[in-house]
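# Residue-level structural notes
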Number of protein chains: 2
Amino acid sequence: MFLGTYQNKIDDKNRMAVPAKFRDQLGGKCMLTKGFDECLYIYTMEDFEVMAAKIAALPQSDADFREFIRDFFGNSELCELDGQGRIKIPQNLREYAHITKDLVTTGAMNKVEIWSAETKADFDLAKKMKDSKFTDKLREFSI
Amino acid sequence: MFLGTYQNKIDDKNRMAVPAKFRDQLGGKCMLTKGFDECLYIYTMEDFEVMAAKIAALPQSDADFREFIRDFFGNSELCELDGQGRIKIPQNLREYAHITKDLVTTGAMNKVEIWSAETKADFDLAKKMKDSKFTDKLREFSI
DNA sequence: TGATTTTACCCCACTTTTCCCCACTTTATC
DNA sequence: GATAAAGTGGGGAAAAGTGGGGTAAAATCA
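Residues numbered from 1 in each chain as written. Chains lettered and ligands numbered in written order. Predicted model: local features only at pLDDT ≥ 70, side-chain atom pairs only at ≥ 80, totals over all residues. Heavy atoms only, no water.

On to a nonpolar patch on the surface, then. All names here are of chain A. Together, M1, L3 and M109 make up a nonpolar patch on the protein surface, roughly 360 Å² of accessible area in all. Mapped onto the elements of the fold, M109 is located in the loop between β7 (102–108) and β8 (111–116). On the basis of relative accessibility, which here comes to 53%, the residue M109 falls in the exposed class. (Patch = residues over 30% accessible without salt bridge, like charges linked within 9 Å, V, L, I, M, F, W, Y side chains within 5 Å. Areas by Shrake-Rupley, 256 points an atom, 1.4 Å probe, with all protein chains shown as cover. Salt bridge = Lys/Arg side-chain N within 4 Å of Asp/Glu carboxyl O. Helix = DSSP H or I, 4+ residues; strand = E, 2+ residues; numbered from the N terminus. Buried < 20%, exposed > 50% of the residue type's maximum accessible area, 1.4 Å probe, protein only.)

So this is what it looks like as structure tokens:
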């Protein structure tokens, strides 16, 4: 299980150090994909396989599914960690997540989320907590 | 599995460099076909055989199927990669996909899609308009 | 058929990018 | 404070991408 939040930087060669706590679970390589909310996800190979298998079974004759398949696989990358535990983040994914310099990496159960620090700040939970409607929503789930 | 998105150019001799990540899976040659959505597909020889068998098995009594079969095989080409890992894209397929200079090559599971950069940009823009529909779909498959 | 033009393709050369490796800095641990 | 682990930066070799020349094959036309 991936837990905790870390501050990172991406360097001029577009490399990001995967927090050491996450490395053992990934075993030297991982799948980097486009996530919701303009962040990126890191999945273990196993979890990615599960999703990929489901998606690959969709009919190509459906235009919406074609678009979806293209978007999903076109924005997924197999990343091998280098000697220093870093992965390279490709251009298309950097652009999607507005990644330039400062990052926030956060464990989210079965995946790791990678955020641009600025984007994360905008989405910050504290901001949403100010909205009383959100706590109302949580109350429905007894949280 | 074909993954990721790459920027390419087609040169004056109508050659396109196949992204290095895709070359091993293709093994020196590939099938280039007309795809849906005004892009081209690259299949491995094996996957093309599967696709071709399915299409050839469509009932010839149906005029729509006859036309589809004609269109599919008439716009398929066996391409051998040259010493630099490039393939030549024939005129009929260039025209279909509006290919002039800049390309986007994207992995889509069992095939590679080749897009004119302009066409892809238009397509992506159109997709943003109906994005909510798309993200709903993503939600069904994400874990 | 033979001459001329066009196209294909093999090969070489140059530029850009990638990635492996080493070294230094910072943070954590005892 | 000492030691180890994690994070960061960068050099340099190798690979990938790009352009183009030259020759052979194919197509076109007289």
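Glancing now at the interface of chain A and chain B. How big an interface is tends to be stated in terms of accessible area lost as the parts join. Facing the 31 residues of chain A at the interface are 31 residues of chain B. Across the interface of chain A and chain B, roughly 2,700 Å² is buried in total on both sides, 60% from carbon and sulfur atoms. If you sort the residues of chain A by the area they bury against chain B, F36, E67 and R70 of chain A come out on top, with a joint share of 25%. Our enumeration of links across chain A and chain B arrives at four salt bridges. With its nearest N and O atoms 2.5 Å apart, the salt bridge here joins R70 of chain A to E113 of chain B. Where chain A packs against chain B, one counts nine residue pairs in polar contact (both at pLDDT 80 or more). If you list the elements that add at least two residues to the side of chain A that touches chain B, you get β3 (29–34), α2 (45–56), α3 (63–74), β5 (76–80) and α4 (91–96) of chain A. Looking at the side of chain A that touches chain B, the element that brings in the most residues is α3 of chain A, giving eleven residues. Class assignment for the residues of the side of chain A that touches chain B results in 15 nonpolar, six polar and ten charged. (Contact = heavy atoms within 4.5 Å. Buried area = accessible area lost by both parts, 1.4 Å probe. Polar contact = N/O pair within 3.5 Å; in protein donor to acceptor, adjacent residues only side chain to side chain. Nonpolar A, V, L, I, M, F, W, Y, C, P; charged D, E, K, R; others polar.)

Glancing now at the protein's contact with DNA strand D. Neighbouring DNA strand D are 20 residues; K13, R15 and R23 of chain A together with K13 and R23 of chain B lie closest to it. Counting only the atoms of DNA strand D within 4 Å of the protein, the fraction contributed by sugar and phosphate is 38%. In the model, a base oxygen of DNA strand D is placed 2.6 Å from a nitrogen or oxygen of the R15 of chain A side chain. Between A20 of chain A and DNA strand D, the recorded distance is 3.4 Å, taken from a backbone N or O atom to a phosphate oxygen. Elements supplying a minimum of two residues to the surface near DNA strand D: α1 (20–26) of chain A together with α1 (20–26) of chain B. For the surface near DNA strand D, a count of residues per class yields six nonpolar, two polar and twelve charged. (Near = heavy atom within 4 Å.)

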